[in-house]
Amino acid sequence: MYSFVQVIFEHEGVFIHLNTDELEDQDSLISGFLRIVDKDGEIFVEYKPLEDTVDPSNMLCACKDSSSVVEWIQRPHRPVDQQLSYETEWDMVNTVSFKRKVYSNGEGVSNHLNERTKWAFSFNVADLRSVTVKCEGWSYLVFCLRDDATLPALHFHQGGSQAFLDGLRKLVQLGESPEDENVFLVGTYYKAFSQSFENLLDDTNYGLVQKFKKDPYTTTLGGLSKVTNFLFDAFRQSESECQQRPAEEMVDLLGELIPGLEINQQEEPGFEVITRVDLGPRPEVHRSGPVMMEDWAKHQDLEGRVFNVSRLKHLIFKGVKICISVADLSKTASGVFNRGLCHALRKEAWKFLLGYYPWDSTHEERKNLQKRKTDEYFRMKLQWKSVSEEQEKRNSRLRDYKSLIEKDVNRTDRSNKFYEGLDNPGLVLLHDILMTYCMYDFDLGYVQGMSDLLSPILYVLEHEVDAFWCFVSFMDQMHENFEEQMQGMKAQLVQLSTLLRLLDLAFWNYLEAQDSGYLYFCFRWLLIRFKRELHFQDVLRLWEVMWTGLPCQNVHLLVCCAILDSEKQKIMDRHYGFNEILKHINELSMKLDIEEILIKSEAIYMQIRNCKDLPPSVSEILGLNTVTHSLALEPCQEYGMLESPHNSPRPQHRQDQDFSNGHGLLQDTPHNRWKTNFIS
């Protein structure tokens, strides 16, 4: 079973001809879809007939109770008088619905075999010898494998063969056969891996830099992870010309690599030079169990108000103390008893943690709020839904947003049951929410990586409107990560470097000596909050723990420090250089232990907090100057409690309010207010 699966390319409407003399007979054609898939770093080409794809009516996803599942169905509009919710008037733009169905003893599961399954095939690109490309009114491809096996010809009646070949060229080396111009020979896998780097570059030395500068998100989230072995060569001339770039040139290149990341090698006035500081021993940290439904209920009054919010956040961050038998101790090691929330509680608790629901709101107030927010959401959704093709032709920005969203949605968490298969309603909702966010904040629109932030929220909430507004709150925190000038990313990289320099000056000096002191290999971690570094369920727990605002601000930087702390010895003992460090960090994806990370992050915080001679810059990064040590709240005496913006009722989103953006407080400006303008 593969732990990581990513769809790199997918095209539907690819045919196998059973009888070339009877093309008009539908039974003589097998229609299917062609994919290029990354499975744990190995690349596969897959073809499946459409009859073998997942039936959307049988799409299942986990529900909050184990006795039932959610069955996704996509249906035509039904008359208004049949609607039972307050979303009735918006049914014209909401064509996805859900129904809950209880299954037992495998009821409803079809086990019949489709005769056409024999035409499905899959092969590792390492086993591919050649691709033959021919045209007979349309293009068709024939794959020949290294064991001399020839697969059925794939006919692209509706186009797409060139897009497939372009996708394949990014992964393997295709060279024209000297004997037949229609045949492309595939180089060895290792050569192809090297070639993939060359294809990524626009020119010999600076192509990757320019590509990163033009679209840092695509480069970081996509191709960069495949070519880190060769990245260093993009930053230097040939060995014969220059053994190593001067520090000044590396600074210039990295300034280009990450726009806005101005690196001054000279000490600026007031710049604090951190020397070795005795932090003292690192305390031991113990975890407890997750917050359960009964724990949550204890913090609500009869009308639904949540009280003692600080203590509740502490329980989410630290865990609930539980009594277990010796026989159950083994379960704790396997991660059964973890801090955070039990999954059944997430659907409600996340709305509070993300500020969608005010903590002191009643059941009735939340019901009214949800109705208002539903109206507001569908008004914005109707804006882009009602844009005609002619209007869209005159709106290049909307076209660009739409194109990028469609591309990203098609490859977001496709191995998750909630999003897998073709024509999945979960993908429809993902697409619609991101398009509606473009109406909400048209200045920012959509930037690659935002689908990664929305996906877990939609998965947990299973509700289009609630997921949208929780995503808006999350984007309030993450907004600067995706802005064109990338000031948020710049600030976080500098802050992370400052923290690492304090925690382990020797390791920081080692990285600096390898031209890695700017920690740009952590870019993806920071950009989408470790979404592609952890398993999906671990992402849910990490995010909800961080949303508590405990134990300090910028806790995600401490998470980075914890990961680097675990890897530093290996990096230094093996004398990793620039490109080896990049490769090693990339290969940590899906191999990280979330519990170890959370424990070490908290321990690092306590170690820093206990330091008597803490540099002011570090105190400012972690917000220790604003921490109020609560003596009244006994469980929280281990660390100070931050005044979280979610401790009190949150005003409407983006209306001249202060909010935490993950690296300090920003004042919202009229430039960032929500948008309700119609597109014309």
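This is a predicted model, so every value here is computed, not measured.

The rules behind these values
- Residues numbered from 1 in each chain as written.
- Predicted model: local features only at pLDDT ≥ 70, side-chain atom pairs only at ≥ 80, totals over all residues.
- Heavy atoms only, no water.
- Helix = DSSP H or I, 4+ residues; strand = E, 2+ residues; numbered from the N terminus.
- Buried < 20%, exposed > 50% of the residue type's maximum accessible area, 1.4 Å probe, protein only.
- Contact = heavy atoms within 4.5 Å.
- Areas by Shrake-Rupley, 256 points an atom, 1.4 Å probe, with all protein chains shown as cover.
- Salt bridge = Lys/Arg side-chain N within 4 Å of Asp/Glu carboxyl O.
- pLDDT = per-residue confidence, 0-100.
- Axes fitted to C-alpha atoms, helices over the stretch in contact; angles between N-to-C directions.
- Parallel < 35°, antiparallel > 145°, perpendicular 65-115°, else oblique.
- Left-handed = near helix turned anticlockwise from the far one by under 90°.
- Nonpolar A, V, L, I, M, F, W, Y, C, P; charged D, E, K, R; others polar.
- Pairing = 2+ DSSP bridges.
- Expected span 1.5 Å × (residues − 1).
- Phe/Tyr/Trp six-rings, centres within 6.5 Å; stacked < 30°, edge-to-face > 60°.
- Lys NZ or Arg CZ within 6 Å of the ring centre and 35° of its normal.
- Core = buried A, V, L, I, M, F, W, Y, C linked by side-chain atoms within 4.5 Å.

### Focus on the overall build of the protein
A tally of regular secondary structure across the protein gives 23 helices and 14 strands. Of all 680 residues assigned to the protein, the portion counted as buried reaches 55%. Considering only contacts in the protein between residues 6 or more positions apart, those separated by 24 or more positions represent 70%. Within the structure as shown, the protein displays about 31,500 Å² of accessible surface, and the carbon and sulfur contribution to it stands at 50%.

### Observations regarding the pattern of salt bridges
Two side chains with opposite charge may pair up if their charged atoms get near one another. Overall, the coordinates contain 29 salt bridges when judged by the stated rule. Notably, a salt bridge pairs E376 with K373, separated by 3.7 Å at the nearest N-O pair. Of this pair, E376 and K373 both sit in helix α10 (residues 363-385), three residues apart, roughly one helical turn. The structure contains a network of salt bridges with shared partners spanning R282, D504, D565, K568 and K600.

### Side note on the confidence of the model for the protein
Looking at the protein, the pLDDT average stands at 75 and 64% of residues meet or exceed 70. A low-confidence stretch, residues 52-89 stays under pLDDT 50, and its non-local contacts, those more than four residues away or across chains, total 88 contacts. Across residues 255-271, where pLDDT falls below 50, the model places 32 contacts with residues more than four positions away in sequence or in other chains.

### A closer look at the packing of helix α20 (residues 555-573) against helix α21 (residues 578-586)
For the pair α20 and α21, interaxial distance at closest approach is 12 Å and the crossing angle is 135°. Considered as vectors, α20 and α21 are oriented oblique to each other. The two elements α20 and α21 cross, and the hand of that crossing is right-handed. Judged by residue contacts, L564, E567, K570 and I571 of α20 engage I581, H584 and I585 from α21. Here the residues of the contact of α20 with α21 sort into four nonpolar, one polar and two charged.

### A word on the environment of I30
In this fold, I30 is placed in strand β2 (residues 29-39). In this structure the C-alpha to C-alpha distance between I30 and L154, which are 124 residues apart in sequence, comes to 9.6 Å.

### Focus: the pairing of strand β12 (residues 183-186)
Along a regular strand, successive side chains alternate from one face of the sheet to the other. Here strand β8 (residues 128-135) pairs with β12 via three bridges, running antiparallel. Paired with T132 across the two strands is V183, which belongs to β12. In this sheet, β12 lies alongside strand β11 (residues 174-176) in antiparallel orientation, the contact comprising three bridges. Each residue of the ladder has a partner; that of E176, found in β12, is F184.

### Digging into the side chain of T436
Within the element layout of this structure, T436 appears in helix α13 (residues 425-440). Its relative accessible area of 0% is what places T436 among the buried residues.

### Some details on helix α16 (residues 487-503)
The end-to-end C-alpha distance of α16, which contains 17 residues, comes to 24 Å, matching closely the 24 Å that a straight helix rising 1.5 Å per residue would cover. Of all 17 residues in α16, 14 are buried; the element is thus mostly enclosed.

### Focus on the packing of aromatic side chains
One pass over the full model with this rule turns up 29 aromatic pairs. Aromatic side chains F352 and Y357 sit 5.5 Å apart centroid to centroid with 75° between the ring planes, which places their arrangement in the edge-to-face category. Across the pair, Y357 and F352 agree in class, each one buried. A cation over a ring is seen here: K39 above F44, with NZ or CZ 5.3 Å from the ring centre.

### So, the nonpolar core
I457, F482 and I608 are the most contacted members of the largest nonpolar core, which totals 134 residues. Filtering out sequence-adjacent residues up to four positions away, I457 remains in contact with W350, L354, A467, C470, F471, F474 and W547. By size, the runner-up hydrophobic cluster in this structure holds 29 residues, among which are V45, V131, F143 and V186.

### Considering unusual backbone geometry
Of note, the amide linkage connecting L550 to P551 takes the cis form, showing an omega dihedral of 0°. Tracing the backbone through its elements, the reader meets P551 in the loop between α19 (536-546) and α20. In this structure, N554 takes a positive phi of about 60° despite not being glycine. Relative to the helices and strands, N554 resides in the loop between α19 and α20. Here N554 falls in the buried class, since its relative accessible area comes to 5%.

### Description of the packing of α16 against helix α17 (residues 505-513)
At a closest axis distance of 5 Å, the pairing of α16 and α17 adopts a crossing angle of 125°. One element, α16, and the other, α17, form an angle in the oblique class. Of the residues in α17, those touching α16 at S497, L500, R501 and L503 are L505, F507, W508 and L511. A per-class count over the contact of α16 with α17 returns six nonpolar, one polar and one charged.

### As for the environment of D443
Topologically, D443 is positioned in the loop between α13 and α14 (450-461). By relative accessible area, D443 is classed as partly exposed at 38%. When the C-alpha positions of D443 and R397 are compared, they lie 9.8 Å apart, and in sequence the two are 46 residues distant.

### Focus on the pairing of strand β3 (residues 42-49)
Taking burial as the measure, the eight residues of β3 include six buried ones, the bulk of the element. As defined by bridge partners, β2 adjoins β3 across eight bridges and the pair is classed as antiparallel. Of the residues in β3, the one forming a bridge with R35 is E46. Linkage of β2 to β3, two consecutive antiparallel strands, is achieved through a turn of two residues, within which D40 is found at a positive phi near 50°.

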